[in-house]
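Now for the letters of each chain:
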Amino acid sequence: MPAKAQHQTQAQAKAHGPTGPLHRLAAMPQGRIILLSGLLIGLVLALPGQTVTTKYVNDLFIFLEGAYRIQTGQVPNVDFRSSLGPIAYYIPALGLALGGSLGAAMPLGMGLTTLGFAMIASHVIATRMRPALGLPLALYLLLIVAVPMNPGEGIADLSFAMFYNRIGWAALGLLLVMYLPPLRPRRGQGAADAACAALLTLLMLYLKISYGLVCIAFLIFMLSDRRQWSWAASALALTAAAGLGIEAVWGGTAGYLADLRLASEVSGDFPGPRALVTELQRNLPEICIYAIFAALLLWARRSLRDVLFLVCCLVTGILLIEQNFQIVGILTLGAGAAVAAEASLRAAHPLQRGVPLLLLAFLAPPLVHFSVVLGLHGGLGLARQGVPLSLPNYQGIRLVRLWNEGQYPAFRRYDDSLRDGAAVLARLDAPGRVLVLDFVGPFTAGLGLAPTQGGSTWHHWGRTVDARHHMPPDDFLADARIVMEPKAPIERWTTNGLREVYAAALAERFVLAAETEFWRLHVARDARLDLSPLGSMTTTMQSRTAQP
């Protein structure tokens, strides 16, 4: 190249700045980076088309059972009962419809949910936070949604169990960011704010109502901000209007509230002082770091609303984690700290210059932790590692043993029991609707059987049902033609409790027809089933139950 031309090229490069991929990424608007991050995270989760798990397999079956019921035409809280909202089942049902298998249902459904959160975050965070604070927070919240693990547990604890809690933490995190007035308002800012807030609130009301109530309380609190009350009021109005529209189409609100009432009677007591102190002690390191951000904000500007906001972030987080099946990880504190950091930087106090690095240090451990777990799930899924579960429709769910066995032996034995139960059901030409006296009934979705009309997707003794509070026998047994009583249940307390509560109705309406290593199979007395394939065992069991 001639020297003159080379000199001109260098001059142009200097004038326009670096053009490498990292510099092009840095030049992108913050909202686009957030959208791109959500898309990539969702793809890592969804592309393998497999569910990899090491823990809480029984919890996974809850949502796959609900997704399968929806595929057969049933409607949550109308055709079957659940104290979780209908969205807990429509997310995996969407994944099932698009992916074509129960193994793809949760990864694909949650991948799409992550992308949806990225769309909301691209507005909420990009208009309210500078990139040095907003991008780490956005990545943190998106990973909370996507990562297949129960927060606070180890890298080897892969599971989609209780995914609704992670969605709840992330939804609250995005709402908390809206405490900040827009830094870079866009055209139609108020309408977009109201729409985003209403979407997040509706999502939680119809997913897990405890988070939804906190969302509503936050919107009511925002009515006290003279700069932002209008979008908060619009969001409350949109939520109410959308709720009426949803009920007109769904018709399950009464059933949803009845199921919530039953669960609250069993385990809905407000936590006592000892329980709250225990949660404080478990999460004390995280709370102390959060307190640093709170102190910096209150040093920079003394505001009663800031005090109320910071205290509410902590208190609601403690109350939520106490009623979750979760020990550590008050995930509202990350969002609260980011909001405090942004607000303190706006105050332009000299002590605030190191706040972005402090926030990055606070969020870095969970960011690394969640990223490793997400990558591990994707890598194991692509490599088809682990053992596929034995029921035909669960072949895309792979039980993996990692560097420690954990619950692997217990769930392998549980899968052995499912294989045994499937074998005895296969000996019947038309087994009919099956009910399992356990935490969850895996045979309906796993074998592609017709679901019962009524009943619930799961039972948890001491959480959703107990000796005093339970469904009437007509609702519990519904139109089941076979009741499977496990000898090695996945949740022994639940099986023992259900057996005791419904013993009289079971003896009156069903007859013990077969017994295997893992199961007792009860058949409805009026069922028109050919029991001859069960052999002499059927006759023996029937004659035994015929005795007074």
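Every value quoted in this text rests on a predicted model; they were computed, and no experiment measured them.

## Re the environment of G432
- In this fold, G432 is placed in the loop between α18 (408-426) and β4 (434-436).
- Put simply, G432 and A450 are 18 residues apart on the chain and 6.8 Å apart in space, counted from C-alpha to C-alpha.
- Other than its neighbours up to four places away in sequence, G432 contacts L449 and R481.

## Comments concerning the packing of aromatic side chains
- Considering all chains together, one arrives at 15 aromatic pairs under this definition.
- The interplanar angle of 40 degrees and the centroid separation of 6.3 Å between the aromatic rings of F61 and Y414 together place this pair among those described as tilted. Here the residue F61 occupies a position in helix α4 (residues 57-71), and Y414 occupies one in helix α18, the gap between them amounting to 353 residues. Across this residue pair, the class does not change: F61 and Y414 are buried.
- The positively charged end of R302 is found above the aromatic ring belonging to W299, 5.9 Å away from the centroid.

## Remarks on the packing of helix α8 (residues 163-177) against helix α15 (residues 304-323)
- α15 packs onto α8 with a crossing angle of 175 degrees between their chain directions and a minimal axis gap of 13 Å. In terms of orientation, α8 lies roughly antiparallel with respect to α15. Judged by residue contacts, W169, L172 and L176 of α8 engage F309, C313, G317, L320 and I321 from α15.

## With respect to α4
- An ideal rise of 1.5 Å per residue puts 21 Å on 15 residues; α4 measures up with 21 Å between its terminal C-alpha atoms.
- Of all the 15 residues making up α4, 14 are buried; the element is thus mostly covered by neighbouring parts of the structure.
- G73 occupies a position one or two residues after α4 and carries a positive phi of about 110 degrees.

## Here we look at the layout of surface pockets
- A volume near 1,400 Å³ is recorded for the largest pocket.
- Taken together, 43 residues form the lining of the largest pocket, with K208, S267, Q323, N324 and R463 sitting closest to its centre.
- Where the lining of the largest pocket is concerned, the elements lending two or more residues are α4, α8, α10 (209-222), α12 (253-267), α15 and α18.
- With five residues, α15 is the single largest residue contributor to the lining of the largest pocket.
- For the lining of the largest pocket, a count of residues per class yields 23 nonpolar, 13 polar and seven charged.
- Of all the secondary structure elements, the ones that give two or more residues to the lining of the second largest pocket are α14 (284-300) and α17 (355-382).
- The element best represented in the lining of the second largest pocket is α17, accounting for seven residues.
- Looking at the lining of the second largest pocket residue by residue, the class counts come to 11 nonpolar, four polar and one charged.

## Regarding the sheet that holds strand β6 (residues 510-515)
- Across the sheet, four strands lie side by side as β4-β5-β7-β6; this open sheet has mixed pairing. Lying at the two open borders of the sheet, with one neighbouring strand each, are β4 and β6. Sheet twist, expressed as the mean angle between neighbouring strand axes with direction ignored, is 25 degrees.
- Bridging between β6 and strand β7 (residues 519-524) involves five bridges; their strand directions are antiparallel. Its bridge partner being in β7, F510 is matched across the sheet by A524.
- The strands touched by α18 are β4, β5 (482-486), β6 and β7; relative to β7, the strand with the most contacts, the crossing angle is about 35 degrees.

## Remarks on the side chain of S417
- Note that S417 resides in helix α18.
- Here Y414 takes part through its backbone oxygen, which lies 2.5 Å from a polar atom of the side chain of S417.
- With near-sequence residues (within four places) excluded, S417 lies in contact with F518 and W519.

## Things to note about the confidence of the model for the protein chain
- Scored by pLDDT, the protein chain has a mean of 90; 91% of the residues are at 70 or more.
- When the criterion is pLDDT under 50, residues 8-17 qualifies, and its contacts beyond four places in sequence or with other chains add up to one contact.
- With pLDDT under 50 throughout, residues 538-548 is counted as low confidence; its partners more than four residues away or in other chains account for 12 contacts.

## Considering a nonpolar patch on the surface
- A cluster of nonpolar side chains, namely L36, L39, L40, L43 and L47, defines an oily patch on the protein surface of about 440 Å² accessible area.
- Looking at where L43 falls in the secondary structure, it is placed in helix α3 (residues 30-46).
- Of the residues examined, L43 reaches a relative accessible area of 35% and is grouped as partly exposed.

## Some words on the pairing of β7
- Counting buried residues along β7, five of its six residues qualify, which places the element largely inside the surrounding structure.
- By the bridge criterion, five bridges tie β5 to β7 in an arrangement that is antiparallel. When the bridges of β7 are listed, M484 appears paired with L521.
- Where β6 folds back onto β7 in an antiparallel hairpin, the turn is made up of three residues.

## What about the sheet that holds strand β3 (residues 397-399)?
- Taken in spatial order, the three strands of this open sheet run β1-β3-β2, and their pairing is mixed. Either end of the sheet is taken by a strand with one partner, and the two such strands are β1 (51-53) and β2 (387-388).
- Sheet analysis places β1 next to β3, joined by three bridges and oriented parallel. Residue pairing across strands places T51 opposite I397, the latter belonging to β3.

## Quick word on the environment of T332
- Considering the arrangement of structural elements, one finds T332 in helix α16 (residues 332-346).
- Of the residues examined, T332 reaches a relative accessible area of 2% and is grouped as buried.
- Sequence separation between T332 and G317 is 15 residues, and the spatial gap between their C-alpha atoms is 5.9 Å.
- A distance of 3.2 Å separates a polar side-chain atom of T332 from the backbone oxygen of C313.

## Observations concerning unusual backbone geometry
- Phi is positive for R384, which is not a glycine, with a value near 55 degrees.
- Turning to its location among the elements, R384 is positioned in the loop between α17 and β2.
- The phi angle at A478 is positive, at roughly 45 degrees, despite the residue not being glycine.
- Along the chain, the position of A478 falls in the loop between α20 (473-477) and β5.

Basis of the calculations
Residues numbered from 1 in each chain as written. Predicted model: local features only at pLDDT ≥ 70, side-chain atom pairs only at ≥ 80, totals over all residues. Heavy atoms only, no water. Helix = DSSP H or I, 4+ residues; strand = E, 2+ residues; numbered from the N terminus. Contact = heavy atoms within 4.5 Å. Phe/Tyr/Trp six-rings, centres within 6.5 Å; stacked < 30°, edge-to-face > 60°. Buried < 20%, exposed > 50% of the residue type's maximum accessible area, 1.4 Å probe, protein only. Lys NZ or Arg CZ within 6 Å of the ring centre and 35° of its normal. Axes fitted to C-alpha atoms, helices over the stretch in contact; angles between N-to-C directions. Parallel < 35°, antiparallel > 145°, perpendicular 65-115°, else oblique. Expected span 1.5 Å × (residues − 1). 1 Å grid on protein atoms, 1.4 Å probe; cavity = no way out; pocket = protein on both sides within 12 Å on 5 of 7 lines; lining within 4 Å. Points joined across faces, edges and corners; volume = space filled by probe spheres on them. Nonpolar A, V, L, I, M, F, W, Y, C, P; charged D, E, K, R; others polar. Pairing = 2+ DSSP bridges. Polar contact = N/O pair within 3.5 Å; in protein donor to acceptor, adjacent residues only side chain to side chain. pLDDT = per-residue confidence, 0-100. Patch = residues over 30% accessible without salt bridge, like charges linked within 9 Å, V, L, I, M, F, W, Y side chains within 5 Å. Areas by Shrake-Rupley, 256 points an atom, 1.4 Å probe, with all protein chains shown as cover. Salt bridge = Lys/Arg side-chain N within 4 Å of Asp/Glu carboxyl O.

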